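# Tertiary structure, described
The residues making up each chain are set out below.
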Amino acid sequence: PDSLPPGLTEFRFMNKGPSIHHMSLLKLEEGKTIQDLTAALSDPNAGTPKWVKEVGGPNAPDPGKEANATLMLHPGNYALICFVDIGGPPHFTKGMIRPLHVYSANHDSDAKPKADLTLTLFDYNFKESTPIKAGTRTLEVHNGGPQIHEVEMIKLAPGKTVDDFFKWFDKMEGPPPGSAIGGISSLESGMTEYFTADFTPGNYVFLCFVGDEKDHKPHFAHGMVKTFSVE
C-alpha cells in the first residue's frame, strides 16, 4: 500500500529480480518528501542528508528468495529504497525507490515478537546472546554501537570459507560461494528490529557493509565479520 497506520509492522521482501536486492527504509524528517530525497541523492558525493533517518528494513536475500523485518513505524514520510550497487550504480538510480506514508492514528501497545536470541551490533563486531540452533529462529537485532550498522547473513556453501567469499566478492566471477539469506539493513544507533530465518545446519557469516563515518571503508574491512556454525 501507499500508506500504513503507525505501529509495529512486519515487512516481507520478495526478491523477484535476477540479482541481489534489499529494502531499506528511510524516514524523511522536517516535512521532506520523496522528491526532496531524489534531488539530494542525485549528487553521489553529497552523502546522506541530515533529515534522513535510516530505520532498517529487510536486508538482501538471493534472487527468488524472501527476507523479512519487523520494525516500529511512526507517523511521517518514508522512502523504500535499494542501495545495492553490485556490478553498477545503486539500484535506486534505476528507479528502485518509492514513497510510503505513515498516517497519524491511535493504536494499542504493540506486542513485540518473541525472539529466540538477541544479536547486538557494535563497532566492529556482532554478539549473540546465545548460540543459534537449527530451525526457524527470530533474532532481535539491536544496534549498540555509536554508528549506523546492518547485518547481512550469508550461508556458506559446503567446504567454503569466509575468505572464499571475499575473494569472490572482489571480482564477482563465477558462482558465489554462499547464499544471501537476509537480515536487517542500515539501522541507526540505539534502534532494535527483528527478523526471522530458517537456519539449516551449516556455516554462516554475519557481515556489515555500511561505510565507516571516518574513513568510509565498509565496516567488514574494520573486522565486522563473524562466522558461526549451526548444528
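Residues numbered from 1 in each chain as written. Predicted model: local features only at pLDDT ≥ 70, side-chain atom pairs only at ≥ 80, totals over all residues. Heavy atoms only, no water.

## Things to note about the pattern of salt bridges
Spelled out, the test is: Any Lys or Arg side-chain nitrogen found within 4 Å of a carboxyl oxygen on Asp or Glu counts as a salt bridge. In this text, helices come from DSSP runs of H or I with a minimum length of four residues, and strands from runs of E with a minimum of two, each type numbered from the N-terminal end.
Enumeration over the complete set of coordinates arrives at three salt bridges. Measuring nitrogen to oxygen at the nearest pair gives 2.6 Å for the salt bridge that ties Asp 2 to Arg 98. Placement of the pair is Asp 2 in the segment before strand S1 (3-4) and Arg 98 in strand S7 (residues 97-102), with a sequence separation of 96 residues. Taking the shortest distance from any N to any O, the salt bridge between Arg 12 and Glu 66 comes out at 2.8 Å. Taken together, the residues span a long stretch of sequence, with Arg 12 in strand S2 (residues 7-14) and Glu 66 in strand S5 (residues 66-73) at a distance of 54 residues.

## Focus on the sheet that holds strand S11 (residues 149-156)
Just so we agree on the cut-off: Strands are labelled as partners when DSSP assigns at least two bridges between them. Helix axes are fitted to C-alpha atoms over the stretch in contact, other axes to C-alpha atoms as well, and angles between N-to-C directions run from 0 to 180 degrees.
Overall, antiparallel pairing links the four strands, which are arranged S12-S11-S14-S15 in an open sheet. Pairing within the sheet leaves two strands with one partner each, and these edge strands are strand S12 (178-187) and strand S15 (225-230). On average, adjacent strands in this sheet sit at an angle of 20° to one another, irrespective of strand direction. Bridge analysis of S11 against strand S14 (residues 202-207) gives four bridges, and the strand direction is antiparallel. The residue bridging Glu 152 from the neighbouring strand is Leu 207, located in S14.

## Concerning the environment of Thr 200
Put simply, the rule reads: The rule is simple: take the accessible area with a 1.4 Å probe, protein chains only, and divide by the maximum for that residue type; under 20% is buried, over 50% is exposed, in between is partly exposed. Any two residues whose heavy atoms approach within 4.5 Å at even a single point are treated as in contact. Whenever a nitrogen or oxygen atom comes within 3.5 Å of another N or O atom, the pair is scored as a polar contact, on the condition that within protein one atom can donate a hydrogen and the other can accept it, and that pairs from neighbouring residues in sequence are kept only if both atoms are in side chains.
Counting through the fold element by element, Thr 200 comes out in the loop between strand S13 (192-199) and S14. On the basis of relative accessible area, Thr 200 is assigned to the partly exposed category, the value being 31%. In this structure the C-alpha to C-alpha distance between Thr 200 and Glu 231, which are 31 residues apart in sequence, comes to 7.7 Å. Residues contacting Thr 200, with those up to four places away along its chain left out, are Lys 155 and Val 230. Only 2.5 Å separates the side chain of Thr 200 from the side chain of Lys 155, close enough to count as a polar contact.

## Remarks on helix H2 (residues 162-171)
Under the convention used in this document: The arc in question is the one traced by the directions running from the helix axis out to the C-beta atoms.
Buried residues of H2: Val 162, Phe 165 and Trp 168, and no others. Down the axis of H2, the sector holding all buried residues measures 120°, keeping them to one side. Facing away from the buried surface of H2 by more than 90 degrees, the exposed residues are Asp 163, Lys 167, Asp 170 and Lys 171. If you follow the buried residues of H2, they end up packed against S11, S14 and S15.

## Considerations on helix H1 (residues 34-41)
Residues of H1 that are buried: Ile 34, Leu 37 and Leu 41. Looking straight down H1, one finds that the buried residues subtend no more than 60° of arc, so they occupy a single side. Of the exposed residues in H1, those oriented more than 90 degrees away from the buried face are Gln 35 and Ala 39. Where H1 is buried, its residues contact strand S3 (24-28), strand S4 (52-54), strand S6 (76-81) and S7.

## Some details on the pairing of S5
Burial within S5 is extensive, with six of its eight residues counted as buried. Here S2 runs beside S5; their pairing, made up of eight bridges, is antiparallel. Counted as the bridge partner of Arg 12 is Asn 68 from S5.

## Re the packing of aromatic side chains
Worth spelling out the cut-off: Think of it this way: a Phe, Tyr or Trp ring, Trp meaning its six-membered ring, pairs with another when their centres are within 6.5 Å, and the plane angle makes it stacked under 30 degrees, edge-to-face over 60, tilted otherwise.
Counted under the stated rule, the structure contains twelve aromatic pairs. Residues Phe 126 and Phe 206 carry aromatic rings whose centres are separated by 5.5 Å and whose planes lie at 45° to one another, so their mutual orientation is tilted. Of the two residues, Phe 126 sits in strand S9 (residues 125-128) while Phe 206 sits in strand S14, which places them 80 residues apart along the sequence. Residues Phe 126 and Phe 206 agree in their burial class; the two are buried. Aromatic rings pair up to connect Phe 165, Phe 166, Trp 168, Phe 169, Phe 209 and Phe 220 into one cluster.

## Considerations on the nonpolar core
Stated precisely, the cut-off is as follows: What makes a nonpolar core is a set of buried Ala, Val, Leu, Ile, Met, Phe, Trp, Tyr and Cys residues whose side-chain atoms join them at distances within 4.5 Å.
Formed by 35 residues in total, the largest nonpolar core has its most connected members in Leu 25, Leu 139, Val 141, Val 151, Phe 199 and Phe 206. Not counting residues within four places of it along the chain, the set of residues in contact with Val 151 comprises Asn 59, Leu 119, Leu 121, Phe 126, Val 141, Gly 182, Gly 183, Ile 184, Phe 195, Phe 206 and Leu 207. By size, the runner-up hydrophobic cluster in this structure holds ten residues, among which are Leu 26, Leu 37, Trp 51 and Ala 79.

The values reported here are purely geometric and, on their own, carry no functional implication.
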